[in-house]
Amino acid sequence: MQIRTATEADWPRIWPFFDAVVKAGDSYAFPLDLDAESARGWWMETPPGRTTVAVDHDGVVVGSAKMGPNRPGRGAHVATASFMVDPSARRGEIGRALGEDMIAWARAEGFHGIQFNAVVETNTAAVRLWRELGFDVVGTVPEAFDHATDGLVGLYVMHLPLA
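If you're wondering where the values come from, they're calculated on a predicted model, not measured in any experiment.

(A) Seen up close, the overall build of the chain. Helix and strand counts for the chain stand at four helices and seven strands. Taken from N to C terminus, the helices and strands of the chain fall in the order β-α-α-β-β-β-α-β-α-β-β. With the C-alpha coordinates of the chain rotated into their principal frame, the extents come out at 40 × 35 × 30 Å. Expressed as a percentage of the 163 residues in the chain, the buried residues total 47%. A sequence separation of at least 24 residues applies to 59% of the contacts in the chain between residues at least 6 apart. Summed over all atoms, the accessible surface of the chain reaches about 8,500 Å², with 52% contributed by carbon and sulfur. If the 14 positive side-chain charges of the chain are averaged to one point and the 21 negative ones to another, these points end up 5 Å apart.

Encoded structure:
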């Protein structure tokens, strides 16, 4: 598997799993009425941010991540990121590879830490992965996410210091 910077030509290959993940309603609070064109702006980062794709040995895009400063100005020294893996390709090392690539990028770019603002507490696979990569839960916003099947659940704020 290869992790590389996404190009505009990758968006049509990201969109199908982006749409499936958002519609599943268990991990992202994106608007529910997104189409391929409007969703592009939510995912395809411009500098100083970056969007990446995970490409399998057959050349199929099986995951993607977007990353950049968590806040502008005085908050720009802390990075943030979001990740999606094609549901048909889960249970591999795609999420881990995307996460490790993002952490390396954030270090190389000189960020002092990484903050994930909204990790759904019931997304146990993601929470486990981020903990394995060194993140800690530093807070929980109770009932901040309207999960499609579990109703109102908490959102974790997770942090990894880099400095």
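(B) A look at the packing of helix H3 (residues 94-108) against helix H4 (residues 124-132). Interaxial distance between H3 and H4 falls to 11 Å at its minimum, and their mutual angle equals 45 degrees. In terms of axis orientation, H3 runs oblique to H4. Of the two possible hands of crossing, H3 and H4 adopt the one that is right-handed. Contacts from Gly95, Arg96 and Gly99 of H3 reach H4 at Leu129, Trp130 and Glu132.

(C) Structural context of the pattern of salt bridges. Taken as a whole and assessed by the stated rule, the structure comprises nine salt bridges. The closest approach of N and O atoms between Glu45 and Lys66, which form a salt bridge, is 3.4 Å. Within this pair, whereas Glu45 is found in the loop between helix H2 (36-43) and strand S2 (50-55), its partner Lys66 is found in strand S3 (residues 61-69), the two being separated by 21 residues in sequence.

(D) Here's a closer look at helix H1 (residues 11-24). Between the first and last C-alpha of H1 there are 20 Å, a value that for 14 residues agrees with the 20 Å anticipated at 1.5 Å per step. For H1, every residue scored as buried is listed here: Trp11, Ile14, Trp15, Phe17, Phe18, Asp19, Val21 and Val22. Phi for Gly25, located one or two positions after H1, is positive at around 70 degrees.

(E) Fine view of the sheet that holds strand S1 (residues 2-5). Strand order in the open sheet made by the seven strands is S1-S2-S3-S4-S5-S7-S6, with mixed pairing throughout. Looking at which strands have only one partner, the edges of the open sheet turn out to be S1 and strand S6 (136-147). Each adjacent strand pair in this sheet contributes to an overall mean axis angle of 25 degrees, direction not counted. The pairing of S6 with strand S7 (residues 151-161) spans eight bridges and is antiparallel. Paired with Asp146 across the strands is Leu152, a residue of S7. Against the sheet, H3 engages S1, S2, S3, strand S4 (78-85), strand S5 (113-120) and S7, with an angle of about 160 degrees to S4.

(F) Here's a closer look at the pairing of S7. In terms of strand pairing, S5 meets S7 through six bridges, oriented antiparallel. Bridging across to S7, Val120 finds its partner in Leu155. As consecutive antiparallel partners, S6 and S7 are separated by three residues.

(G) Local environment of the packing of aromatic side chains. All chains considered together, the criterion is met by 15 aromatic pairs. For the ring pair Trp11 and Phe18, a centre distance of 5.7 Å and an interplane angle of 65 degrees mean the geometry is edge-to-face. In this pair, the class of Trp11 matches that of Phe18, namely buried. Arranged with centres 5.8 Å apart and planes meeting at 75 degrees, the rings of Phe83 and Phe116 form a pair that is edge-to-face. Taken together, the residues Phe83 in strand S4 and Phe116 in strand S5 connect sequence positions 33 residues apart. With respect to class, Phe83 is no different from Phe116; both count as buried. Following the ring pairs from residue to residue traces out a cluster consisting of Trp11, Trp15, Phe18, Tyr28, Phe30, Trp42 and Trp43.

(H) Spatial organisation of the environment of Arg40. Considering the arrangement of structural elements, one finds Arg40 in helix H2. Excluding anything up to four places from it in sequence, Arg40 contacts Glu8 and Trp11.

The rules we used
Residues numbered from 1 in each chain as written. Predicted model: local features only at pLDDT ≥ 70, side-chain atom pairs only at ≥ 80, totals over all residues. Heavy atoms only, no water. Helix = DSSP H or I, 4+ residues; strand = E, 2+ residues; numbered from the N terminus. Buried < 20%, exposed > 50% of the residue type's maximum accessible area, 1.4 Å probe, protein only. Contact = heavy atoms within 4.5 Å. Areas by Shrake-Rupley, 256 points an atom, 1.4 Å probe, with all protein chains shown as cover. Lys, Arg positive; Asp, Glu negative; His and termini not counted. Charge placed at Lys NZ, Arg CZ, Asp CG, Glu CD. Axes fitted to C-alpha atoms, helices over the stretch in contact; angles between N-to-C directions. Parallel < 35°, antiparallel > 145°, perpendicular 65-115°, else oblique. Left-handed = near helix turned anticlockwise from the far one by under 90°. Salt bridge = Lys/Arg side-chain N within 4 Å of Asp/Glu carboxyl O. Expected span 1.5 Å × (residues − 1). Pairing = 2+ DSSP bridges. Phe/Tyr/Trp six-rings, centres within 6.5 Å; stacked < 30°, edge-to-face > 60°.

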